[in-house]
Amino acid sequence: MTILVTGGLGFIGTNFILGHLAAGGDRVVDLDLATYAGNPANLAHLPDGEHLLALGDVRDRALVDRLLAEHVPRALVHLAAESHVDRSISRPAAFIETNVVGTFTLLEAARAHWETLAGADRDAFRFLYVSTDEVFGSLAPDDPPFTELSPAAPNSPYSASKAAGDHLVRAYFRTYGFPAVTTHCSNNYGPYQFPEKFIPLMIINALAGKPLPVYGDGRQVRDWIHVEDHARALSLVLEKGAPGESYNIGGRSERANLEVLEAVCRVLDGTDPLPVGRHMDLAVHVTDRPGHDRRYAVDSSKLEEGLGFMPGYSFPDGLEATVHWYRANRPWVESVTSGGYREWMRTHYGMEG
Ligand code: NAD
Ligand code: TYD
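Overview of the structure. Note that this is a predicted model, so its numbers are computed, not measured. (Residues numbered from 1 in each chain as written. Chains lettered and ligands numbered in written order. Predicted model: local features only at pLDDT ≥ 70, side-chain atom pairs only at ≥ 80, totals over all residues. Heavy atoms only, no water.)

### What to know about helix α9 (residues 257-271)
- Compared with the 21 Å implied by 1.5 Å per residue over 15 residues, the 22 Å span of α9 between its first and last C-alpha is a close match.
- When we look at burial in α9, the residues that qualify are Asn257, Leu258, Val260, Leu261, Ala263, Val264, Cys265, Val267 and Leu268.
- Elements in contact with the buried residues of α9: α7 (198-207), β8 (212-215), β9 (221-223), β12 (254-256), β13 (283-286) and α11 (315-328). (Helix = DSSP H or I, 4+ residues; strand = E, 2+ residues; numbered from the N terminus. Expected span 1.5 Å × (residues − 1). Buried < 20%, exposed > 50% of the residue type's maximum accessible area, 1.4 Å probe, protein only. Contact = heavy atoms within 4.5 Å.)

Pasting the structure below:
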């Protein structure tokens, strides 16, 4: 048996594929364009019999048709995306192309493939769309967390493009009976995250003694989940989720950005003390992100009570393990922080990457 995964060279895709195979899962065909955020070295140690990389674009209908016909996967797990909010603000077009047109292309190709299946194969086929809690917009401090019934209210070009995918997936289930399932996960952290995102950027800059750029007052709240817990939840939804349903995935770990940064700095003060002062002294408040969502929080009781999910990592333990992973994997960091990364650090932060 085979599953087709898109975006398997990225942060969550890499962790999902490693977890899936470690749990004895079936072979993975991985469609990925290897953009700046995708690193072929992450999974290069796996034999083709376990992980077969198909380099290409999710918008390439002919390629997607060929992969479906050749490998006849029992499921498609769609993770490929442009995923960084700040980049969506400065260059939104790629988000519409990959996240909207790409998702539409995959839905069309997978629907045509599903219609060729019969009997048990047709009943078992699933399309899992990996969306984000950011489609629900921003919460006030005392609001209850997002549920599956919260209305879509995206505030960034990134979250709007992901919400467009949500709507298409819903319509394909309602119109064609196409067996698609959607997940909305909160902010992930852990190994292999590209260091443009908050936690790895802070770890890497702190290790280098560079400024730690905090947007605005730093009191924005995110609900953090370890990426391995997210990956486990995706496997659970893939096997047990009901077609047409959506499932929220959260970590039960709401933290303000400054609290997260303080926790990172505390670990590094112990392991890599600065010659003078503490790592937190490197924090600088910089201009806030336009349209910055104040708070995200996720109610995952449907997943917990319905499918038996519980996050395995506590945030303090997961965060400390993550800091150690980046300290121990500096060659990985160096290999992904290419010329393009350095250009992003210069234009977005006015600092050398
Ligand atoms: P990422 O940016 O680390 O990886 C994205 C991957 O998609 C990369 O390997 C990239 O090469 C690939 N890709 C990009 N454009 C492509 C295209 N046109 N065709 C084929 N491949 C392409 O992203 P991530 O953080 O791993 O997120 C994966 C998914 O999970 C995304 O859909 C994202 O919206 C969703 N998500 C992320 C988080 C988070 O905290 N990171 C939280 C909830 C949901
Ligand atoms: P990020 O990792 O970009 O995830 P998202 O915006 O999708 O939640 O950012 C997490 C939080 O950290 C968010 O509130 C923005 C903030 N942030 C900073 O304060 N400084 C930074 O340099 C970055 C990248 C993010």
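### Some details on the site of ligand 2
- Near ligand 2 you find 20 residues, and of these Glu134, Arg222, Arg289, His292 and Tyr349 are the closest.
- Within the side chain of Glu134, a nitrogen or oxygen atom sits 2.5 Å from an oxygen atom of ligand 2.
- Interatomic distance of 2.5 Å between a side-chain N/O atom of Arg289 and an oxygen atom of ligand 2.
- When the free accessible area of ligand 2 is taken as 510 Å², the share hidden by the protein chains comes to 97%. (Near = heavy atom within 4 Å. Polar contact = N/O pair within 3.5 Å; in protein donor to acceptor, adjacent residues only side chain to side chain. Areas by Shrake-Rupley, 256 points an atom, 1.4 Å probe, with all protein chains shown as cover.)

### Observations concerning the environment of Ala112
- Within the fold, Ala112 resides in helix α4 (residues 93-116).
- With 61 residues separating them in the primary sequence, Ala112 and His51 have C-alpha atoms 24 Å apart.

### Some details on the sheet that holds strand β1 (residues 2-6)
- Taken together, the seven strands give an open sheet; going across it, the order is β3-β2-β1-β4-β5-β6-β11, and neighbouring strands pair in parallel fashion. Unpaired on one side and paired on the other, β3 (51-55) and β11 (246-249) mark the two borders of the sheet. The average angle at which neighbouring strand axes cross in this sheet is 20°, direction not considered.
- Pairing analysis gives four bridges linking strand β4 (residues 75-78) to strand β5 (residues 126-132), with the strands arranged parallel. Bridging from a neighbouring strand, Val77 pairs with Leu128 of β5.
- Sitting on the sheet, helix α6 (residues 157-176) is in contact with β5 and β6 (180-185), with an inclination near 155° to β5.
- Sheet strands in contact with helix α8 (residues 227-240) are β4, β5, β6 and β11, and its direction is about 145° off that of β5. (Pairing = 2+ DSSP bridges. Axes fitted to C-alpha atoms, helices over the stretch in contact; angles between N-to-C directions.)

### Considering the pattern of salt bridges
- One pass over the full model with this rule turns up 20 salt bridges.
- Here Glu108 and Arg111 are joined by a salt bridge, their closest N and O atoms 3.1 Å apart. Taken as a pair, Glu108 and Arg111 lie in helix α4 at a separation of three residues, close to a single helical turn. Exposure class is identical for Glu108 and Arg111. Each is buried.
- For the salt bridge of Arg330 with Asp272, the shortest nitrogen-to-oxygen distance reads 3.9 Å. Note that Arg330 is positioned in helix α12 (residues 330-336) and Asp272 in the loop between α9 and β13, a separation of 58 residues in sequence.
- Owing to a relative accessible area of 36%, Arg330 belongs among the partly exposed residues under this scheme.
- Ionic contacts of the salt-bridge type, sharing partners, join the residues Asp26, Arg74 and Glu239 into one network. (Salt bridge = Lys/Arg side-chain N within 4 Å of Asp/Glu carboxyl O.)

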